[in-house]
Amino acid sequence: MSRVSVPCHVKGTVALQVGDVRTSQGRPGVLVIDVTFPSVAPFELQEIMFKNYYTAFLSIRVRQHTSTHAPTKWVTCLRDYCLMPDPHSEEGAQEYVSLFKHQSPSVTFPKWLSHPVPCEQPALLCEGLPDPSRVSSEVQQMWALTEMIRASHTSARIGRFDVDGCYDLNLLSYT
Amino acid sequence: NQASLQRPEIKLESLKEDIKEFFKISGWEKKLQNAVYSELSVFPLPSHPAAPPEHLKEPLVYMRKAQGSWEKRILKSLNSMCTELSIPLARKRPVGEQKELLNKWNEMGTDEPDLSLFRPVYAPKDFLEVLINLRNPNYENGDSLSFRTHLGLIQVPLKVKDIPELKECFAELGLNTGQLGIDDSTQVPPELFENEHVRIGQKVLAEQDSAAAQQYVRQGSPTALRAELWALILNISSQPEDILYYEQLKTNVIQHDLLVDSLIYKDVKLTASNDDYYFVFEDYLYQVLLCFSRDTSVLSHFAYNSASPPKSYIRGKLGLEEYAVFYPPNGVIPFHGFSMYVAPLCFLYHEPYKLYQIFREMYVRFFFRLHSISSHPSGIVSLCLLFETLLQTYLPQLFYHLREIGAQPLRISFKWMVRAFSGYLATDQLLLLWDRILGYNSLEILAVLAAAVFAFRAVNLMEVTSLAAAEAVLADLSTLKVMPLLQIFLFATVT
């Protein structure tokens, strides 16, 4: 099953604050990011991926269109998911994060957003002799792997730091 | 190979089991296990598929930038040394010089080249200044002193362990567990702990089990078994190809002269040669460090090191990528005190190729973290913060007093930690400490020991009134016994 990125529009953050934004001294602790999907066709959301920047906890709410007549509804599918175990220290502060559809119990994408994927049945082991064509293909795969490893060794110039015997250098470069 | 597969006794259906059995009988299973264990100890955990290579080196952007700036300074310093002294970064030795060097390979220490014009590229205290100025742009700290400002020198909010967490982490150092360095002292009958511990060590070696060896040395390694145990933990077994590889590196040293060689010579002359314990090993140090600089296999550790190897181009081919090279070949520029990472190992290993392999593995597993800027828990920044936090939390009066008299504790302990205490402790004590570095696969013990040393000399330190006097109290660590200090600090101090 192939996966593709869903085009989405990520709006700028909006701070949630009580009181007048201009006069208030305190820093907001909660920011909201709106994500909209321009494409109209329904899709099966599998994964939300992002890079964190000092967010400690994440909640995700989705707005659900059930039908053209009924009013839209907001559904919480993730609440206070912890991204930084200690918000005052750097742990998790700039990490790459993926949230998956089947992650439970904290992540539950509502049914309309996804269909549960039927689990693949593990291949039953046959009694008696193994299937010779399967065994031979496995041995073939192993053989191909060892050939690959052997080939990659020879292509790497092990131990050589010079270029064609020359190591006469300019000054060091700043990249 | 295919011929074997055609033998009648090889049956397809039992092939998998037969191979597994063969591995077990031939000892290859253990070797594979040790190799896998070794890889797991060294390489970081698999990260998110979207994470780029630089994220694996160091996840925090501001730390990467700081490391980049620091590297640029080092490169500029090396380049100016090059131009000022009109000495090339590298040159091919004329045949006569090659012969001469080959002849005196085992006594390079007798050479007295004029090194007066060379200066170390940097000293630990220069590096400390960079770490003190590290700032997280997203961290609201305020310029004025407040409860949020760190009282110590390190101002970045890395997560460090407190004593309860350290007690859990270093559980085997507890009061109820036997230790070499405590329970093998002359007053303690050997039947109580030492004899049994040695017997277990011999068994671990017989089994050739890396993981068991690592667990074992947490309680210290018997002197007679240490060399083998460390080799087992580091997964070093000197095969003929390893000896050949070392000889190839030696050939590289003979053929090419590098500017960093002079830096190495100078460092050895200034540090190890002046040390009562290590001056006898001077020749070994050259044989290891000069080869180390030529070893391109070291380049692979930059995948998980926040640092990057310096780059240059063949003369006349500036900017042409096919003529781009790393300098030195191993990408590591030595600083003042670098040779002290090798010196203690000379007590354990006497064949140059073995000594070399062990040092190289120790470097790519541990020592590189002591002189690069990263957020890793065993990185020098975390160690500094751990030290300062332990002192502030558990010896607040001492910490406050030292600050008041202008003697920030880290200014004194930094050099100990950067060198992993090499050259500061007596060698038997140092080796007991390095047992635990290997046993716990972490450098955090260095910060704990540094704090424990301050705790031990707290009474004297409370009486001093200047940085110089504080330095004097802590100048001589050669009489310290590290294991009692660590044990008392972690497990017997009232918190």
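Small disclaimer: the values here were computed from a predicted structure and weren't measured.

Analysis parameters
Residues numbered from 1 in each chain as written. Chains lettered and ligands numbered in written order. Predicted model: local features only at pLDDT ≥ 70, side-chain atom pairs only at ≥ 80, totals over all residues. Heavy atoms only, no water. Helix = DSSP H or I, 4+ residues; strand = E, 2+ residues; numbered from the N terminus. Buried < 20%, exposed > 50% of the residue type's maximum accessible area, 1.4 Å probe, protein only. Areas by Shrake-Rupley, 256 points an atom, 1.4 Å probe, with all protein chains shown as cover. Core = buried A, V, L, I, M, F, W, Y, C linked by side-chain atoms within 4.5 Å. Contact = heavy atoms within 4.5 Å. Salt bridge = Lys/Arg side-chain N within 4 Å of Asp/Glu carboxyl O. Pairing = 2+ DSSP bridges. Axes fitted to C-alpha atoms, helices over the stretch in contact; angles between N-to-C directions.

Undergrad: Looking at this model, I keep getting lost on the overall build of chain A. Mind explaining?
TA: A tally of helices and strands in chain A yields 1 helix and 9 strands. Written out in order from the N terminus, the α and β elements of chain A read β-β-β-β-β-β-β-β-α-β. By residue count, 21% of the 175 residues in chain A fall in the buried class. Accessible surface for chain A amounts to roughly 13,700 Å². Of this, 60% is attributable to carbon and sulfur atoms.

Undergrad: Is there a simple way to think about the nonpolar core in this case?
TA: If you look at soluble globular proteins, the nonpolar side chains tend to sit buried side by side. Among the nonpolar cores identified, the biggest contains 171 residues, and B:Tyr327, B:Phe359 and B:Ile380 are the most heavily contacted of them. Broken down by element, the residue count for this core peaks at 10 residues, all from helix 20 (residues 444-456) of chain B. Setting aside chain neighbours within four positions, we find B:Phe359 in contact with B:Val288, B:Leu289, B:Phe292, B:Phe338, B:Tyr341, B:Val342, B:Leu345 and B:Phe367. Within the second largest apolar cluster, 9 residues are counted, among which are A:Cys77, A:Leu78, A:Val97 and A:Leu99.

Undergrad: Just to check I follow, could you spell out the pattern of salt bridges for this structure?
TA: Side chains that differ in charge, positive against negative, can pair when their charged atoms come close. All names here are of chain B. Taken as a whole, this structure holds 21 salt bridges over all chains when the rule is applied. Close ionic contact of Glu97 with Arg93 constitutes a salt bridge, the shortest N to O distance being 3.2 Å. For Glu97, a relative accessible area of 25% corresponds to the partly exposed category. The salt bridge involving Lys269 is made with Glu282; its shortest N-O contact spans 2.7 Å.

Undergrad: How do you make sense of the sheet that holds strand 3 (residues 311-314) of chain B when you look at a structure like this?
TA: Through backbone hydrogen bonds, the strands of a sheet pair up, either in parallel or in antiparallel fashion. Spatially, the 3 strands line up as an open sheet ordered 9(A)-3(B)-4(B), and their pairing is antiparallel. Edge positions in the open sheet fall to strand 9 (169-173) of chain A together with strand 4 (324-326) of chain B, since each of these has one partner strand only. Across the sheet, the axes of successive neighbouring strands diverge by a mean angle of 35°, strand direction being ignored. Across 3 bridges, strand 3 of chain B lies against strand 4 of chain B in antiparallel orientation. Paired with B:Lys311 across the strands is B:Phe326, a residue of strand 4 of chain B.

Undergrad: For this particular structure, what's the right way to read unusual backbone geometry?
TA: Glycine aside, the phi torsion of most residues is negative, and most peptide linkages are trans. All names here are of chain B. Cis geometry marks the peptide bond from Tyr327 to Pro328; its omega dihedral reads -15°. With respect to the element layout, Pro328 can be found in the loop between strand 4 and helix 15 (352-365). Phi is positive for Ala420, which is not a glycine, with a value near 55°. By the element assignment, Ala420 lies in the loop between helix 18 (409-418) and helix 19 (427-440). Note on Ala420: relative accessible area 0%, which makes it buried.

Functional significance is not addressed by these values, which are geometric in nature.
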